[in-house]
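Results of the structural survey
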Amino acid sequence: MKVYIGSDHAGYELKEHIKQHFSNGYEWVDMGTNASTSVDYPDFAHPVAQAVAEKADNIGILICGTGNGMAMTANKHQGIRAALCWSKEIAALARQHNNANILVLPARFISPETAFEMIETFFSTPFEGGRHLNRINKINL
Ligand code: RB5
């Protein structure tokens, strides 16, 4: 499975942990950042969102300090449903109810173990469709 991933400086360390932890089984497309030097989160959210939006089954992970900047930026893209999650229950619901295609992680507020659990859950939980499909179809303006 191919996963597009990006972070700013606040999420850089967690991004590297994630790629190392899940080095088997996933093909990581790392869109930066590649150091702990201060950067601007939109410069990494836009390329990941663009790549994920290209195909219906594409999936991505974005990481910054709070997750808010990444989620706000990614959700400007048509076809992107980026969900800021901080527990595996929320990550599951983001897939089941919102058909989220980008998992957004708040690196400064979660442990790497919580992030790993959320990623496993996010990748393995299907969208429920039905009434939730009607709702996500109403998101776009
Ligand atoms: C960087 O200090 C921080 O503002 C950023 O990582 C993120 O939390 C923004 O939403």
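See the structure shown above.
Residues numbered from 1 in each chain as written. Predicted model: local features only at pLDDT ≥ 70, side-chain atom pairs only at ≥ 80, totals over all residues. Heavy atoms only, no water.

**Let's talk about the site of the ligand**
Close to the ligand lie Asp8, His9, Ala10, Tyr41, Cys64, Gly65, Thr66, Gly69 and Arg108. Between the ligand and Asp8, the relevant distance is 2.6 Å, taken from an oxygen atom to a side-chain nitrogen or oxygen of the residue. Thr66 places a polar main-chain atom, nitrogen or oxygen, 2.9 Å from an oxygen atom of the ligand. In the complex, the protein chains occlude 72% of the 300 Å² of accessible area that the ligand would expose alone. Within the shell around the ligand, the residues separate by chemical class into three nonpolar, four polar and two charged. (Near = heavy atom within 4 Å. Polar contact = N/O pair within 3.5 Å; in protein donor to acceptor, adjacent residues only side chain to side chain. Areas by Shrake-Rupley, 256 points an atom, 1.4 Å probe, with all protein chains shown as cover. Nonpolar A, V, L, I, M, F, W, Y, C, P; charged D, E, K, R; others polar.)

**What about the sheet that holds strand 3 (residues 59–64)?**
To summarise the sheet geometry, strands pair through backbone hydrogen bonds and adopt either a parallel or an antiparallel arrangement. Reading across the sheet, the five strands line up as 2-1-3-5-4 and stay open at both edges, with parallel pairing between neighbours. Two strands in the sheet have a free side with no partner beyond their single neighbour: strand 2 (27–30) and strand 4 (82–84). The average angle at which neighbouring strand axes cross in this sheet is 25°, direction not considered. Where strand 1 (residues 2–7) lies against strand 2, four bridges are found, and the strand directions are parallel. Along strand 2, the bridge assignment pairs Ile5 with Asp30. Its contacts with the sheet put helix 5 (residues 112–124) on strand 1, strand 2, strand 3 and strand 5 (102–106), and the angle it makes with strand 5 is roughly 165°. (Pairing = 2+ DSSP bridges. Helix = DSSP H or I, 4+ residues; strand = E, 2+ residues; numbered from the N terminus. Axes fitted to C-alpha atoms, helices over the stretch in contact; angles between N-to-C directions. Contact = heavy atoms within 4.5 Å.)

**Considerations on the packing of aromatic side chains**
Within a pair of aromatic rings, the relevant descriptors are the distance that separates the centres and the angle that separates the planes. One pass over the structure, following the stated rule, counts five aromatic pairs. Ring centres 5.9 Å apart and planes at 90° place the aromatic pair Phe22 and Phe116 in the edge-to-face group. Taken together, the residues span a long stretch of sequence, with Phe22 in the loop between helix 1 (9–21) and strand 2 and Phe116 in helix 5 at a distance of 94 residues. On the accessibility criterion, Phe22 (6% relative accessible area) is buried. The exposure class assigned to Phe116 is buried, which follows from its relative accessible area of 11%. A centroid spacing of 5.8 Å and a plane angle of 65° characterise the contact between Tyr26 and Trp28, whose relative ring orientation is edge-to-face. An aromatic cluster is defined as three or more aromatic residues linked by ring pairs; in this entry it consists of Phe22, Tyr26, Trp28, Phe116, Phe122 and Phe123. (Phe/Tyr/Trp six-rings, centres within 6.5 Å; stacked < 30°, edge-to-face > 60°. Buried < 20%, exposed > 50% of the residue type's maximum accessible area, 1.4 Å probe, protein only.)

**With respect to the layout of surface pockets**
Its volume calculated, the largest pocket comes out at about 330 Å³. If you trace the largest pocket, you find 18 residues lining it, with Ala56, Asp57, Asn58, Ile59 and Asn101 closest to the centre. Residue assignment for the lining of the largest pocket shows that the elements contributing at least two residues are helix 2 (42–53) and helix 5. Across the lining of the largest pocket, the residue classes tally to eight nonpolar, five polar and five charged. Volume-wise, the second largest pocket comes out at about 270 Å³. Lining the second largest pocket, in full, are Asn75, Lys76, His77, Gln78, Gly79, Ile80, Arg81, Ile136, Asn137, Ile139, Asn140 and Leu141. In terms of residue class, the lining of the second largest pocket is made up of four nonpolar, six polar and two charged. (1 Å grid on protein atoms, 1.4 Å probe; cavity = no way out; pocket = protein on both sides within 12 Å on 5 of 7 lines; lining within 4 Å. Points joined across faces, edges and corners; volume = space filled by probe spheres on them.)

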